[in-house]
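# What the coordinates show
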Amino acid sequence: MKVIVIGAGISGLTTAIYARRSGWETVILEKSAAPGGLSTSWTRKGYTFEGGIHWLIGAIESIPLHSVWVETGALKENNPVYFKDPVYTLVDGDVRIPLYRDFHGLPAGCLRDRIALLSLRFHVWCFRHFHQPITDLPGLKVEHPCPFSLWEYVRMLPAVLITPFLILQSSRSYVRRFSNPQMRALLGAVVDPGINALSLIYTLSTFAAGDSGYPAGGSIRMATNMAETFTSMGGKIRYRTAATGIEKTTGGWAVRTAAELIEADAVVISADARSAIDKLFTQPLQDTWARKMRKGLETTQCMFLGLGVKTPLSNWPRSMQVVLHKPLQAAGNTYDSLVVNIYPHETGFAPEGCCTLTCLLHGRSYEYWKRAKDNGSYMQEKHAVIDAFTEALGDVIPEIMDNIVVTDMATPLTYERYCNTFEGSYMSAWPARKPLYHAPIRYEHGLYFTGQRTLYSGGLPPAAQSGRLAAQTLCKDFGTVFRDR
Ligand SMILES: Cc1cc2nc3c(=O)[nH]c(=O)nc-3n(C[C@H](O)[C@H](O)[C@H](O)COP(=O)(O)OP(=O)(O)OC[C@H]3O[C@@H](n4cnc5c(N)ncnc54)[C@H](O)[C@@H]3O)c2cc1C
């Protein structure tokens, strides 16, 4: 049996590893030159920019997802996970407020803030047993069963009960329960403020559980580990090979590339399903879910900024929410504060005594950059944003001024160009008061979707979980035994 997986991002690699281990001849077609997709890091002039993982969920053994990271080789001896505490620190002039995993020491002066903090702690407590269950599809032949446990689901009940309340509000409005602007800013650092408060509480609960860390070597080492696991089992990855179409054949399915038509028994699409439904089929898909997704999906966008500086910045917190003296205007958005990560302790990320610094600017800017591309001002606009950014940050962290060796920036157009994500989105997300739009894992016999727009919204957890599920669905449809190790 042969399967073609479109995309060597985390979901595609996960599917491919399990399929190969289950005996499938497996070929990955990847349009870029490296594995990882959105979960990537890259090096410029000796400075490595982490452009993916900030928090890896499932980094501790007690979380079932951890088994997927181990089985796929994503986490090995070469990338031990580091768990930051505090997870963020607010930097507002001389004031520094750390956000510890157990929330101790947070300022809650007035009654309103004390109540808000109490309810925040309660919401996080409700999520203390919440996680992505790793089980087997009913009726699937498996070598090592992952039994369904009712108790596992019962323990998640408190989280399920408060979920309707959390999905009705954005993270931005949730943090407005605090009157203290510094508390609002600090909690606002955790997730994209536009997405629902469930994501905020869930992320905080993973911190409280001691999970969510940063694997040494970052995104590229983790993705390379997975790619090596796959190729060491005889799997093939064809880089710089974009799928341009999918066709049904008499014997199964085939994928068209610029050079050839590759036949297989099955195809798994791990590329962004929102793009795939319009671009990979002879006719855009018209199934009800596809039409709803086309009409209703709101993409999550960001601009990524990276600086390589000739100073170690060792007196600054590793992850900080920096309150700006003067708001930053960038691509039609206004920012009063910046979430900044620095990597002074990451071996090999920068020359001795130097450091890389990264920042994500959340907010929609795809149309802005598309217009700039169309009218020829794209590069000029990018430089303007980099200059405004360094100036704003330099007001707060003066050491960076005169020490910048290299700058880097990605816009939604960058993500679109490298990963084919729709409107250059960098992650699937669930906005407040909106339905979740997702593609089915099984489209029909022999054709499957996986990745960030299947299952639930989020980053690496749905990518890994859907990747495993797609491999299980494939095995079930073709009667092969699913092997996970
Ligand atoms: C800046 C940033 C920070 C993030 N931080 C976190 C974090 O802290 N924690 C977290 O959990 N998640 C985070 N994420 C999100 C996470 O990286 C993504 O959700 C996840 O990697 C998506 O994986 P995927 O396999 O579903 O999709 P993708 O990564 O998009 O993979 C799809 C792959 O398919 C390839 N492809 C597309 N079209 C074709 C085609 N036609 N032919 C061949 N190949 C094709 C693409 O090149 C890509 O490699 C972050 C992402 C970014 C960009």
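For the structure given in this document, a descriptive report is provided here. These figures come from a predicted structure and were not determined experimentally.

Before going further, it helps to examine helix 8 (residues 197-208). Taking 1.5 Å of rise per residue, 12 residues should cover 16 Å, and helix 8 covers 16 Å from first to last C-alpha, within 8% of that figure. The buried fraction of helix 8 is high, at 11 of 12 residues. Against strand 7 (95-99), helix 3 (111-126), helix 5 (157-167), helix 6 (171-175) and helix 7 (181-187) lie the buried residues of helix 8. Near the N-terminus of helix 8, the side chain that reaches the backbone nitrogen of leucine 198, with its oxygen 3.1 Å away, is that of asparagine 196. Two residues or fewer past helix 8, glycine 210 is found with a positive phi of approximately 85 degrees.

As a further point, take the site of the ligand. As a structural note, the neighbourhood of the ligand is formed by 38 residues, with Ser11, Glu30, Leu38, His54 and Leu460 the closest of them. Here a nitrogen atom of the ligand sits 2.9 Å away from a polar atom, N or O, in the main chain of glycine 52. Residue alanine 243 places a main-chain N or O atom 2.8 Å away from a nitrogen atom belonging to the ligand. Against a free-state accessible area of 1,000 Å², the protein chains account for coverage of 97% of the ligand. Elements with a minimum of two residues in the shell around the ligand: helix 1 (10-21), helix 14 (412-419) and helix 15 (460-478). Its residues assigned to classes, the shell around the ligand comprises 18 nonpolar, 18 polar and two charged. Both domains that furnish three or more residues to the shell around the ligand are identified here as domain 1 (2-44 + 54-78 + 215-298 + 434-478) and domain 3 (302-422).

This paragraph deals with the sheet that holds strand 19 (residues 442-444). Here six strands make up an open sheet; going across it, the order is 9-2-1-13-20-19 and the pairing mixed. Of all strands in the sheet, those bounded by a partner on one side alone are strand 9 (236-238) and strand 19. Here the strands of the sheet are splayed against their neighbours by 20 degrees on average, with no regard to which way each runs. In this sheet, strand 20 (residues 447-449) lies alongside strand 19 in antiparallel orientation, the contact comprising two bridges. Across the sheet, residue arginine 442 finds its bridge partner in strand 20, namely tyrosine 448.

Each value, and the rule that gives it
- Just so you know, the residues in each chain are numbered from 1, in the order the chain's sequence is written.
- Totals for whole chains, interfaces and linings use all residues, but because this is a predicted model, local features are given only for residues with pLDDT of at least 70 and pairs of side-chain atoms are given and counted only at 80 or more.
- Note that water and hydrogens are dropped before the side-chain values are worked out from all heavy atoms of the structure.
- Comment: elements are numbered from the N terminus, with helices defined as DSSP H or I runs of at least four residues and strands as E runs of at least two.
- Expected helix span is taken as 1.5 Å per residue step, with the number of steps being one fewer than the number of residues.
- Relative accessible area decides the class of each residue, using a 1.4 Å probe on protein chains only: under 20% of the type maximum gives buried, over 50% gives exposed, and in between gives partly exposed.
- Contact between two residues is taken to exist if any of their heavy atoms lie within 4.5 Å; hydrogens are not considered.
- A 3.5 Å cut-off defines polar contacts: any pair of N or O atoms within that distance qualifies, except that in protein one atom must be a possible hydrogen donor and the other a possible acceptor, and neighbouring residues in sequence count only when both atoms are side-chain atoms.
- When we say a residue is near a molecule or strand, we mean one of its heavy atoms is within 4 Å of it.
- For accessible areas, the Shrake-Rupley method is used with a probe of radius 1.4 Å. Any residue's cover is judged against the shown protein chains and nothing else.
- In the scheme used here, Gly and all other residues not listed as nonpolar or charged are polar, with Ala, Val, Leu, Ile, Met, Phe, Trp, Tyr, Cys and Pro taken as nonpolar and Asp, Glu, Lys and Arg as charged.
- Domain segmentation is taken from an automatic or database assignment of domains.
- Two strands pair if DSSP finds at least two bridges between them.
- Each axis is a line fitted through C-alpha atoms, taken for helices only over the stretch in contact, and angles between the N-to-C directions span 0 to 180 degrees.

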